[in-house]
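What follows is the residue order along each chain.
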Amino acid sequence: MTNMMQFNILQGLCQSCKHGFPHARLLQTNFLAPLKSTLQRRQRIGQVHHRYVSSGSIEQANVILMGSPGCGKTTVAQILHRKMKMPIIDVDDDHLEPYWGMSVAQKLQEVGSKGFIEAEGRALLDLKASGSIISLTGSNPMHTPAMTAVAQSGTVIFLDVQMSDILQRLARMKVSRIVGQEKGTPMEDILPYRQQFYEKFYDIRILCEEYETPDSVADKVIRSLAVFKDNKGFVSTRSEGAQKKYSWTFLDVVLQGLAPDGGLFVPAREIPHFSGGEMRRLVHLNYPDRALCILERWINPQDLHPQFLRQFIQWAYDPQVFNCNKIFPVRHLEDNIYLAELFHGPTGSFKDAALQLMPHFFTKALQHEKGSWDRKTKYVILVATSGDTGGAVLDGFARHAGNCGVGVMVLYPARGISDVQRLQMTTMQGDNIHVVGVEGDFDLCQTTVKKIFMDPKVEEEMRTKFHCKLSAANSISWGRLVPQIVYHMSAYLDLVQTKVITMGDEVDLCIPTGNFGNILAAFYAKEMGVPFHRLICASNTNNVLTDFINTGIYDLRKRHVLRTSSPSIDILVSSNLERYLYHVTDRSADIIKKCFTSLAEHRYFEVPEEVLRTMQKIMIAGWCSEDQCSNTVNQILKRTGYLLDPHTAVGAHVSMSLNQRDRPLIIASTAHPAKFASDVLAFMGKKSLGLSASEMLVKLHELAKLPAPHTKLSSSISRPVIHSTVCSSNYSDIVSEVYKFLNRL
Ligand SMILES: *Cc1c(COP(=O)(O)O)cnc(C)c1O
């Protein structure tokens, strides 16, 4: 028996094609090698990819074209047939009529419109093919069993064509009625209805531009298939050459956080790109739909299938949870300046954008981690917070990962955060969370967390006594970064939608920056094709990044952290900067290693001149003093009636002094002012001493009507305090708090 015959029997494929369809090219030599490696890879990936396991190697898989009537499947299939040298099966032309022994029209007459979908589905169930291009009918996806079966035989490509294009093409083809369409239902109604079936089954969406030619669509299919098959995974910013060969999957990096060599994970593939025409397709979509189209490009379907991604996104960006139906709207401030309001999430800072979605990635990753993980093993995410991260992590994991074996424990400086921030955490409900105040500052909390992570005794105790592992959710996590790319692109699309600009016009984008996560996401959005002219990196008095971007020198030798009214950017070691440097040095792990070794040893590094020039083409930087911050809040309030939070004010001051005003400017508004009520009241010369947090919010709203009060935030802090534990700064006291939590988790 030849290998190939074995393979066919293994796969249950027909030996000789009984319908004489042109997929006899099944026979390929040396197929076992790819089969083996693919199966190995699939085992590593786990069940996400169970659909492909039954279909053998990716090389033998079908390429299945799906989409509305008039989307161009047939033409694209023919071009693919030529270019990919794969046999082609057009279900309409090659399969149905010979299978039924009558024409489609006759069959339609025989069984009627409704019976036709069923008959067509049964015919598709009997289609046996591999290594072929299968062009489905427009109504095939309405038959779930048939569609599920055919999807298992390969990769389903959805030709997502704009409705107006489809209507024009159908009119040109003189098609006035499609299969399954009841008399009297207009085409404009049936096509959007059909969309839901296509959305259910695709592995890869091809976002077609308006009037895009079939040749161009076919090229996109080929490129997307290559990216899909390569699935290059992630590499560390610090590993060069041989080490690069082993790569991690998306779910691996979500779970791991930091790379084993101390570097940060970055995708090994090149940064995905959107053309202007593709972005135009997103203009009229709502936020979750935009998010899906954008994140699909970053996350390989073999790691996380779009069907999961869609579900996760819907759970994450739920208008019931956000304080605004538009999720992250853009608002005009004055002149040609706009605010991207990123604070409508449940805890009032932009961190919710990532932390409402990331817990879904995390629990998915847990389900797929094999070996060391079993049903009994729990994960505890240990977080030290200076304010905003804690609340967002707690809310995200309590809301979305309540009973998945993941707990969150947060350490905050008992006297170092705002009342609102503290109440957000101490009133948080959820069986899987624990919040502890520490008699010490943020640095102590941070150092303690790091120490716990490195402590072999704690590790052993956790493993043997509690079946538990530690994990982190800090902003270097790729799972937190990638959702942030979406809102930057979405802000640009909103300006196009409201006709402030036309697609392709350049705008500047300013971001108050601490750990460099938010602005790095903006860099990725720019690289993806969003026409951001300049990214403006705004700092407060902790202006190490301003100096670095202006001089190429990162120098901590004479610096210590200064406490400001914008505490979330009181940061000197800006972790995600490493990823930015990796990209601007054209992925030089060598330079990265030199820089960050030098930073660790000498608290100093300097980048080569040409790297500095590249950096400055993309980014400019400035900083804002405490006085300037307070003045900005007051002046903008007077001019516009809008109250900025101190971080956004840092961004506003810096961008207004650097932006040349000859193009629109978007300022990322990273927090709702209510979160920093006492500081903002102090800026306005109002006393807040003796006021409760809730009273401060009322007072704030009396003084400024905009932005509208964050009702979710206000009501969350009036819940009863549940977590009243405050513990000493003693290491063993804090560790015993961890064990106390594990006992009840
Ligand atoms: C976390 C935070 C920042 C800083 O974001 P990075 O991604 O660390 O640069 C800025 N503003 C607010 C309100 C924050 O909570």
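Criteria and cut-off values
Residues numbered from 1 in each chain as written. Predicted model: local features only at pLDDT ≥ 70, side-chain atom pairs only at ≥ 80, totals over all residues. Heavy atoms only, no water. UniProt positions renumbered as here; feature names shortened; annotations may be inferred. Helix = DSSP H or I, 4+ residues; strand = E, 2+ residues; numbered from the N terminus. Rg over C-alpha atoms; globule rule 2.2 N^0.38 Å. Buried < 20%, exposed > 50% of the residue type's maximum accessible area, 1.4 Å probe, protein only. Contact = heavy atoms within 4.5 Å. Salt bridge = Lys/Arg side-chain N within 4 Å of Asp/Glu carboxyl O. Expected span 1.5 Å × (residues − 1). Bend = angle between axes of the 7 residues up to and from the residue.

The name an unreviewed UniProt entry gives the protein chain is Threonine synthase, with Potamilus streckersoni as the organism. The Cofactor (unreviewed entry) comment attached to the protein chain in UniProt states, word for word, "pyridoxal 5'-phosphate". UniProt annotates the protein chain under Sequence similarities (unreviewed entry) with the comment "Belongs to the threonine synthase family."

Visitor: What is the right way to read the overall build of the protein chain from this model?
Guide: A tally of regular secondary structure across the protein chain gives 32 helices and 20 strands. In terms of C-alpha radius of gyration, the protein chain reaches 28 Å, essentially the compact-globule figure of 27 Å for 745 residues. Projected onto the principal axes, the alpha-carbon positions of the protein chain cover approximately 85 × 60 × 55 Å. A burial count over the protein chain gives 58% of its 745 residues as buried. Long-range contacts, defined here as pairs at least 24 residues apart, represent 75% of the contacts in the protein chain between residues at least 6 apart.

Visitor: Explain the UniProt feature "modified residue: N6-(pyridoxal phosphate)lysine" (unreviewed entry) in the protein chain here, please?
Guide: Those residues carrying the UniProt feature "modified residue: N6-(pyridoxal phosphate)lysine" (unreviewed entry) are Lys 351 in this numbering. Mapped onto the elements of the fold, Lys 351 is located in helix H15 (residues 351-355).

Visitor: Even after reading the chapter, I still don't get the pattern of salt bridges, so can you show me in this structure?
Guide: Pairing between side chains of opposite charge can happen when the charged atoms of each approach one another. On inspection of all chains with the given rule, the structure shows 29 salt bridges. Across the salt bridge formed by Arg 238 and Glu 578, the nearest N and O atoms sit 2.8 Å from each other. Separated by 340 residues along the polypeptide, Arg 238 in the loop between strand E6 (234-236) and helix H11 (250-256) and Glu 578 in helix H24 (residues 577-584) bring together distant segments of the chain. The buried category is assigned to Glu 578, whose relative accessible area is 4%. Among the salt bridges present, the one from Arg 290 reaches Asp 494, with a minimum N-O distance of 2.8 Å. One end of the pair, Arg 290, is in helix H13 (residues 287-298); the other, Asp 494, is in helix H21 (residues 478-497), and 204 residues separate them in sequence. Assigned by exposure class, Arg 290 and Asp 494 land together as buried. Salt bridges sharing partners connect three or more residues here, namely Asp 160, Glu 199, Arg 205, Arg 281, Glu 296 and Arg 310.

Visitor: Honestly, the environment of Ala 473 in this entry has me stumped. Any pointers?
Guide: Along the chain, the position of Ala 473 falls in the loop between strand E13 (468-471) and H21. Spatially, the C-alpha atoms of Ala 473 and Leu 665 are 31 Å apart, while their sequence positions differ by 192 residues. Beyond its immediate chain neighbours, meaning those up to four positions away, Ala 473 contacts Met 358, Ile 381, Val 393 and Arg 480.

Visitor: Could you clarify how one ought to interpret helix H6 (residues 104-125) in this entry?
Guide: The α-helix winds at 3.6 residues per turn, so residues separated by three or four positions along the chain end up facing the same way. An ideal rise of 1.5 Å per residue puts 32 Å on 22 residues; H6 reaches only 17 Å between its terminal C-alpha atoms. Of all the bends in H6, the greatest, near 110°, is centred on Gly 112. Those residues of H6 that sit buried are Val 104, Lys 107, Phe 116, Ile 117, Ala 119, Glu 120, Gly 121, Ala 123 and Leu 124. In this fold, the buried residues of H6 make contact with helix H5 (91-100) and helix H7 (144-152).

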